[in-house]
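Summary of structural features
Chain residues, written in single-letter form:
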Amino acid sequence: MYRILPLALILAACSGAEPRYLIDTPVQAGSARLRVATLEVREVSLPAYAEASEILLEGEDGGLTQIDNALWADDPSRAVTLAIADHIGRASTATVAAEPWPLEEDAQAAVQVTVAQMVARADGTVALSGQYAISSYDRVVRERIERFAISVPLAEATPAGIAQATGAAIAQLSGEITARLSR
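Okay, so let's go over this structure.

Rules used throughout
- Residues numbered from 1 in each chain as written.
- Predicted model: local features only at pLDDT ≥ 70, side-chain atom pairs only at ≥ 80, totals over all residues.
- Heavy atoms only, no water.
- Helix = DSSP H or I, 4+ residues; strand = E, 2+ residues; numbered from the N terminus.
- Buried < 20%, exposed > 50% of the residue type's maximum accessible area, 1.4 Å probe, protein only.
- Contact = heavy atoms within 4.5 Å.
- Areas by Shrake-Rupley, 256 points an atom, 1.4 Å probe, with all protein chains shown as cover.
- Lys, Arg positive; Asp, Glu negative; His and termini not counted.
- Charge placed at Lys NZ, Arg CZ, Asp CG, Glu CD.
- Pairing = 2+ DSSP bridges.
- 1 Å grid on protein atoms, 1.4 Å probe; cavity = no way out; pocket = protein on both sides within 12 Å on 5 of 7 lines; lining within 4 Å.
- Points joined across faces, edges and corners; volume = space filled by probe spheres on them.
- Nonpolar A, V, L, I, M, F, W, Y, C, P; charged D, E, K, R; others polar.
- Axes fitted to C-alpha atoms, helices over the stretch in contact; angles between N-to-C directions.
- Salt bridge = Lys/Arg side-chain N within 4 Å of Asp/Glu carboxyl O.
- Phe/Tyr/Trp six-rings, centres within 6.5 Å; stacked < 30°, edge-to-face > 60°.

**Description of the overall build of the protein**
The helix and strand inventory of the protein stands at 4 helices and 8 strands. Mapped in sequence order, the helices and strands of the protein form the string α-β-β-α-β-β-α-β-β-β-β-α. With the principal axes as the frame, the protein shows a C-alpha extent of 65 × 45 × 25 Å. Looking at the 183 residues of the protein, the share that counts as buried comes to 42%. For the protein, the share of sequence-separated contacts (at least 6 apart) that also reach a separation of at least 24 residues comes to 71%. Put simply, the protein shows about 10,100 Å² of open surface, and 51% of that area lies on carbon and sulfur atoms. Averaging the coordinates of the 14 positive side-chain charges in the protein and doing the same for the 23 negative ones gives two points 8 Å apart.

**Some points on the pairing of strand β6 (residues 109–120)**
Note that strand β2 (residues 38–41) and β6 share 3 bridges and pair parallel. Residue pairing for β6: Glu40 is matched across the bridge by Ala110. Direction of pairing for β6 relative to strand β7 (residues 125–135): antiparallel, over a ladder of 10 bridges. Among the inter-strand pairings, Val113 is bridged to a residue of β7, identified as Tyr132. Taking the residues that link successive antiparallel strands as the turn, the β6-β7 hairpin has 4 residues, and the phi of Gly124 there is positive, at about 90°.

**Details of empty space enclosed by the protein**
If you roll a probe as big as a water molecule over the atoms, it shows you where there is empty space left. Applying the stated criterion to the full structure yields 1 cavity of 30 Å³ or more. Of the volumes computed, that of the largest cavity is approximately 130 Å³. Forming the walls of the largest cavity are 13 residues, and the residues nearest its centre are Leu56, Trp72, Met118, Val119 and Ala120. Within the residue set of the lining of the largest cavity, elements represented by two or more residues are α2 (48–51), β3 (54–58), β4 (64–72), β6 and α4 (159–181). Tallied by class, residues from the lining of the largest cavity come to 11 nonpolar, 1 polar and 1 charged.

**Considering the sheet that holds strand β1 (residues 20–21)**
In spatial order, the strands read β1-β4-β3; together these 3 strands make up an open sheet with mixed pairing. Bordering the open sheet on either side are β1 and β3, each of which pairs with just one other strand. Two elements, β1 and β4, share 2 bridges in a ladder whose sense is parallel. Its bridge partner being in β4, Arg20 is matched across the sheet by Leu71. Relative to β4, α4 is tilted by about 90°, and along the sheet it contacts β1, β3 and β4.

**Section: the pattern of salt bridges**
Summed over all chains, the structure comprises 6 salt bridges. Ionic pairing is found between Asp86 and Arg90, a salt bridge with its closest N-O pair at 3.0 Å. Taken as a pair, Asp86 and Arg90 lie in helix α3 (residues 76–91) at a separation of 4 residues, close to a single helical turn. Between Glu146 and Arg144 there is a salt bridge, and its shortest N-O distance comes to 3.8 Å. Each member of the pair Glu146 and Arg144 is classed as buried. Taken together, the shared-partner salt bridges in this structure form one network comprising Arg144, Glu146 and Arg180.

**Describing the packing of aromatic side chains**
Within this structure, the stated rule accounts for 1 aromatic pair. The interplanar angle of 25° and the centroid separation of 6.4 Å between the aromatic rings of Tyr132 and Phe148 together place this pair among those described as stacked. Of this pair, Tyr132 sits in strand β7 while Phe148 sits in strand β8 (residues 144–153), and the two are 16 residues apart along the sequence. Note on Tyr132: relative accessible area 2%, which makes it buried. For Phe148, a relative accessible area of 4% gives the class buried.

Printed below as a string of structure tokens:
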């Protein structure tokens, strides 16, 4: 019993109390009429460095460095996927859900986002770029692949500032997807 106590104390001391930050997109209510009634947002593909739980910042030399004691509150791929689905759902008249599609009848269309870059840059911006594909099983909408490149200024180069700018960039991307699906 007494041998286990020191081990338990060491493990408790090692479990850090790092603050965790949400990727929080600005809430935007709207009523954009999409050309589909139902839309599935497939799991967003992120580069390896952006999938990690650590919050990174680009240095002057271009290297990405972890910000001390700062972690994302959720798995970044999951958080970005849910944020896009939530944003499109709130901004449109469509029923939108993240993969896996929860309803019995398939969605009329799906969006697959592949992120090439999601990084807090040394120049004081968050860069989000890549492409998204719109697919439609029944050809309700024209299938296509669109590229995106979004840059949002960082209010401050802190974990909270990076989280806020990342959320704003994801909201912009979601707005672009919503606009494409409403044409």
